[in-house]
Amino acid sequence: MSHADIPPPRSTYRHGDLRRALLEAAIQLARAGGPDAVTLREATRRAGVVPNAAYRHFGSRQDLLLAVRSAALSAVAISMETELSALPPDLPPADHACASLRAVGIGYLRFARAEPGLFRTAFATPTLQDNSPPAEQAGNTGLNPFQILSDALDAMVATNVLPMERRPAAEYLAWSAVHGLAMLVLDGPLRTMDQPQMSAIIPRLLGMVEKGL
């Protein structure tokens with residue numbers, strides 16, 4: 001958007017519209033530049049309001065960043081749910097459980113590559129305690145990314161794929177492996193890896209996670 005396209009500042013919006021406008025502007029900032037790009041000043045400029053109007057809804061930059069982080073986590077969850085919904089419904093229970101774990105990982109990695117700015121923002125460490133309503137971080141099923149992963153692991157236990165004694169903290173093992181690959185691809189030495197290479201590595205990584213649990 002050029003300077004000429006920015007509407008003149010406003011001091012009033014209909015109830016609720018200003019918060020949504022500011023949040024959407026901040027999400028676009030995060031999408032383009034990650035968490036460091038999210039500022040109240042730029043969000044208000046893009047929303048076309050005077051800066052002081054933002055403080056009625058977001059008391060600080062950190063408040064705004066937490067709201068964007070919640071929206072980004074919700075988007076990660078939806079990406080996972082999209083992969084889960086594509087699984088064949090007639091798979092045997094044990095096969096479906098294993099396929100679900102892989103789908104969760106694929107959805108996570110797919111989002112990281114498609115939306116690197118939002119992915120970085122989703123997992124940015126907040127400097128304030130995050131008291132965001134759980135629903136703001138959830139996907140369409142009402143679950144956040146961590147809960148979706150937990151459900152997939154619980155299904156593996158229920159179908160005798162994963163022994164009960166190996167279930168505690170399995171989320172952290174699976175998450176660490178998949179998140180590690182995501183960050184190596186986004187910000188590390190694997191950032192120049194092409195799509196065919198990624199397509200070959202991802203199933204192997206997810207198979208390693210499944211067997212290693």
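In what follows, the accompanying structure is described. (Residues numbered from 1 in each chain as written. Predicted model: local features only at pLDDT ≥ 70, side-chain atom pairs only at ≥ 80, totals over all residues. Heavy atoms only, no water.)

Further remarks concern the overall build of the protein. Counting its secondary structure elements, the protein contains eight helices and zero strands. Going from N to C terminus, the protein has its helices and strands arranged as α-α-α-α-α-α-α-α. With 213 residues in all, the protein has 44% of them scored as buried. In the protein, once contacts between residues fewer than 6 apart in sequence are set aside, the share between residues at least 24 apart is 73%. (Helix = DSSP H or I, 4+ residues; strand = E, 2+ residues; numbered from the N terminus. Buried < 20%, exposed > 50% of the residue type's maximum accessible area, 1.4 Å probe, protein only. Contact = heavy atoms within 4.5 Å.)

With that settled, the discussion passes to the pattern of salt bridges. All chains considered together, the criterion is met by nine salt bridges. Measuring nitrogen to oxygen at the nearest pair gives 2.6 Å for the salt bridge that ties Glu 171 to Arg 167. Both residues of the pair, Glu 171 and Arg 167, belong to the buried class. Through salt bridges with shared partners, a single ionic network connects Glu 42, Arg 45 and Arg 46. (Salt bridge = Lys/Arg side-chain N within 4 Å of Asp/Glu carboxyl O.)

Residues Leu 22 and Leu 153 are the most contacted members of the largest nonpolar core, which totals 56 residues. Of all elements in the fold, only helix H1 (17–33), helix H2 (40–47), helix H3 (61–85), helix H4 (93–114), helix H5 (116–122), helix H6 (145–158), helix H7 (170–187) and helix H8 (195–212) reach the threshold of two or more residues within this core. For this core, the element with the most residues is H3, which contributes nine residues. Those residues in contact with Leu 153, other than ones at most four positions away along the chain, are Leu 101, Leu 162, Arg 167, Ala 170, Glu 171 and Leu 213. (Core = buried A, V, L, I, M, F, W, Y, C linked by side-chain atoms within 4.5 Å.)

Now for unusual backbone geometry. Its identity is not glycine, yet Asn 160 carries a phi of approximately 65°, on the positive side. Of note, Asn 160 is situated in the loop between H6 and H7. Phi at Ala 169 takes a positive value of approximately 65°, unusual for a residue other than glycine. You can call Ala 169 partly exposed: its relative accessible area is 39%.

Positionally, Ala 53 belongs in the loop between H2 and H3. Measuring from C-alpha to C-alpha, the distance between Ala 53 and Arg 19 comes to 9.7 Å, with 34 residues separating the pair along the chain.

Looking now at the packing of H4 against H8. Their axes nearest at 10 Å, the elements H4 and H8 cross at an angle of 140°. Taken together, the axis directions place H4 and H8 in an arrangement best described as oblique. Between H4 and H8 lies a crossing whose hand is right-handed. The residues of H8 that touch H4, namely those facing Cys 98, Leu 101, Arg 102, Gly 105, Ile 106, Leu 109 and Arg 113, are Gln 195, Met 198, Ile 202, Leu 206 and Glu 210. Each residue belonging to the contact of H4 with H8 can be placed in one class, and the counts come to seven nonpolar, two polar and three charged. (Axes fitted to C-alpha atoms, helices over the stretch in contact; angles between N-to-C directions. Parallel < 35°, antiparallel > 145°, perpendicular 65-115°, else oblique. Left-handed = near helix turned anticlockwise from the far one by under 90°. Nonpolar A, V, L, I, M, F, W, Y, C, P; charged D, E, K, R; others polar.)

Next up on the list: H6. With 14 residues, H6 should cover 20 Å at 1.5 Å per step; its first-to-last C-alpha distance of 20 Å lies within 8% of that length. Among the residues of H6, those classed as buried are Pro 145, Ile 148, Leu 149, Ser 150, Ala 152, Leu 153, Met 156 and Val 157. Each element contacted by the buried residues of H6 is listed here: H3, H4, H7 and H8. Where H6 begins, one side-chain oxygen reaches toward the backbone nitrogen of Phe 146, 3.1 Å away; that side chain belongs to Asn 144. One or two steps after H6, the chain reaches Asn 160, where phi turns positive at roughly 65°. (Expected span 1.5 Å × (residues − 1). Polar contact = N/O pair within 3.5 Å; in protein donor to acceptor, adjacent residues only side chain to side chain.)

On the secondary structure map, Val 49 appears in the loop between H2 and H3. Sequence separation of Val 49 and Val 38 is eleven residues, and the distance between their C-alpha atoms is 16 Å.

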